[in-house]
Amino acid sequence: MRILHLDTNHPLLIKELQSLGFTNEEDYISSKEEVQNKIHEYDGFIIRSRFKIDAEFIDAAKNLKFIGRVGAGLENIETSYAEKKGIKLIAAPEGNRNAVGEHSLAMLLSLFNKLNKADKEVRQGLWLREDNRGIELDGKTIGLIGYGNMGKAFAKKLRGFDVSVVCYDIKPNVGDENAIQVSLEELQELADVLSLHTPETPLTINMINSDFINAFKKSFWLINTARGKSVVTDDLVNALRSGKIYGAGLDVLEYEKSSFENLFSNELPDAYKYLISAENVILSPHVAGWTQESKEKLAQTIVNKIKAEFC
């Protein structure tokens, strides 16, 4: 079987696939059109988020048996069409779930302890202790929306704290010893912190809007290490201004390009200008699952799943 690699990944991915008898070819620079013109020559290809895999591309891949995505989600692939064509879809959420859990916790603790604000001030020679008095996580209720690999990893990280963890998911019976599954209305009544761990789907795009935010009984903190388009940034900014949202840790932004590799190329929106100047907002460039360890684990997960399916 011939496999085309469209993004660079950990070297073990190609090395181990080769040891299993697969022929590996790499193309990290050709345009989508150029790749599409030759994709019929391959039995499988492996991608991160370089470009969208649409129906036209899938139709051109006449011999395709699988698509491997070195990441958690499959939103850059027209999954229903690929499955209709009998193509196996392979993702690797197990590979970076621990990294996402740790990053979510790091953002939350940084917000509670005003670490980004305090760090900047000390570097400027300011020693404002009272102004940087933080709050403690113990005693809070953490609400998770989405309780798959990422949500479960974050809940596991919270076990060392004296907190209550509740989760909401469209799938039934996903709660476990680390989180009690509740209705969305119950979560909005209880939560002091909201953390998103959902894929990008029609249900989650623009999910966090003014109506959703205002349905929370209490003001709360927001952590988003999932997908940027889940949050309406203008509505988030309005909630930050009013105090309905105390602060936000955002690893993803509504303005990201679909490749996740770049931000927008046009003039900066006003809402984004607010976020980058706000002391109660922490931003990172879609790296929650982007650790040295997860790079290897993502690759190994893809290898293991291809091996189980085709060897």
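Just so it is clear, the structure is predicted and the values come from calculations on it, not from any experiment.

Participant: How do you make sense of the overall build of the chain when you look at a structure like this?
Facilitator: From N to C terminus, the chain includes twelve helices and twelve strands. Computed over its C-alpha atoms, the radius of gyration of the chain comes to 21 Å, within 12% of the 19 Å expected for a compact globule of 311 residues. Of all 311 residues assigned to the chain, the portion counted as buried reaches 50%. Nonlocal contacts in the chain, meaning residues at least 24 apart in sequence, comprise 61% of its contacts between residues at least 6 apart. Only carbon and sulfur atoms are counted for the fraction: they give 48% of the accessible area of the chain, which is about 15,500 Å². Within the chain, one finds 38 positive and 45 negative side-chain charges whose respective centroids are separated by 3 Å.

Participant: How should the packing of helix α5 (residues 93-112) against helix α7 (residues 149-157) be read in this particular structure?
Facilitator: Helix packing geometry: the angle between the two helix axes and the distance between the axes. Packing of α5 against α7 brings their axes to within 8 Å, and their N-to-C directions diverge by 50 degrees. Taken together, α5 and α7 sit at an angle that is classed as oblique. As for the relative orientation of α5 and α7, their crossing is right-handed in sense. Mapping the contact onto sequence places Pro93, Glu94, Asn96, Arg97, Asn98, Val100, Gly101, Glu102, Ser104, Leu105 and Leu108 in α5 and Asn149, Met150, Ala153, Phe154 and Lys157 in α7. Tallied by class, residues from the contact of α5 with α7 come to seven nonpolar, five polar and four charged.

Participant: Would you take a moment to explain the environment of leucine 203 for this structure?
Facilitator: Among the secondary structure elements, leucine 203 is positioned in the loop between β9 (193-196) and α9 (210-214). Separated by 33 residues in sequence, leucine 203 and isoleucine 170 have C-alpha atoms that sit 9.9 Å apart.

Participant: Just to check I follow, could you spell out the pairing of strand β1 (residues 2-5) for this structure?
Facilitator: Looking down a regular strand, the side chains alternate between one sheet face and the other. Pairing analysis gives four bridges linking β1 to strand β2 (residues 23-26), with the strands arranged parallel. What sits directly across from histidine 5, in β2, is glutamate 26. The parallel pair β1 and β2, bridged by helix α1 (residues 12-19), forms a crossover whose chirality is right-handed. Alignment of β1 against strand β3 (residues 44-47), held across three bridges, turns out to be parallel. By the bridge assignment for β3, isoleucine 3 is matched with glycine 44.

Participant: What is the right way to read the side chain of glutamate 256 from this model?
Facilitator: Checked against the element boundaries, glutamate 256 lands in the loop between β11 (245-250) and α11 (270-277). One buried charged side chain, glutamate 256, makes no salt bridge at all; its nearest oppositely charged neighbour is arginine 227, positioned 7.1 Å away. Polar side-chain contacts of glutamate 256 include one of 3.0 Å to the backbone nitrogen of leucine 253. Only 2.7 Å separates the side chain of glutamate 256 from the side chain of histidine 286, close enough to count as a polar contact.

Participant: Even after reading the chapter, I still don't get α11, so can you show me in this structure?
Facilitator: Helical geometry: 3.6 residues make up each α-helical turn, so side chains three or four residues apart lie on a common side. Along α11, the residues classified as buried are Ala271, Tyr272, Tyr274 and Leu275. The buried residues of α11 occupy an angular sector of 155 degrees when the element is viewed end-on, so they sit on one face. Exposed and oriented more than 90 degrees from the buried face of α11 are Asp270 and Ser277. Elements in contact with the buried residues of α11: α10 (233-242), β11 and β12 (281-283).

So, how was this worked out
Residues numbered from 1 in each chain as written. Predicted model: local features only at pLDDT ≥ 70, side-chain atom pairs only at ≥ 80, totals over all residues. Heavy atoms only, no water. Helix = DSSP H or I, 4+ residues; strand = E, 2+ residues; numbered from the N terminus. Rg over C-alpha atoms; globule rule 2.2 N^0.38 Å. Buried < 20%, exposed > 50% of the residue type's maximum accessible area, 1.4 Å probe, protein only. Contact = heavy atoms within 4.5 Å. Areas by Shrake-Rupley, 256 points an atom, 1.4 Å probe, with all protein chains shown as cover. Lys, Arg positive; Asp, Glu negative; His and termini not counted. Charge placed at Lys NZ, Arg CZ, Asp CG, Glu CD. Axes fitted to C-alpha atoms, helices over the stretch in contact; angles between N-to-C directions. Parallel < 35°, antiparallel > 145°, perpendicular 65-115°, else oblique. Left-handed = near helix turned anticlockwise from the far one by under 90°. Nonpolar A, V, L, I, M, F, W, Y, C, P; charged D, E, K, R; others polar. Pairing = 2+ DSSP bridges. Right-handed = clockwise from strand over helix to strand, strands pointing away. Salt bridge = Lys/Arg side-chain N within 4 Å of Asp/Glu carboxyl O. Polar contact = N/O pair within 3.5 Å; in protein donor to acceptor, adjacent residues only side chain to side chain. Arc of directions from axis to C-beta.

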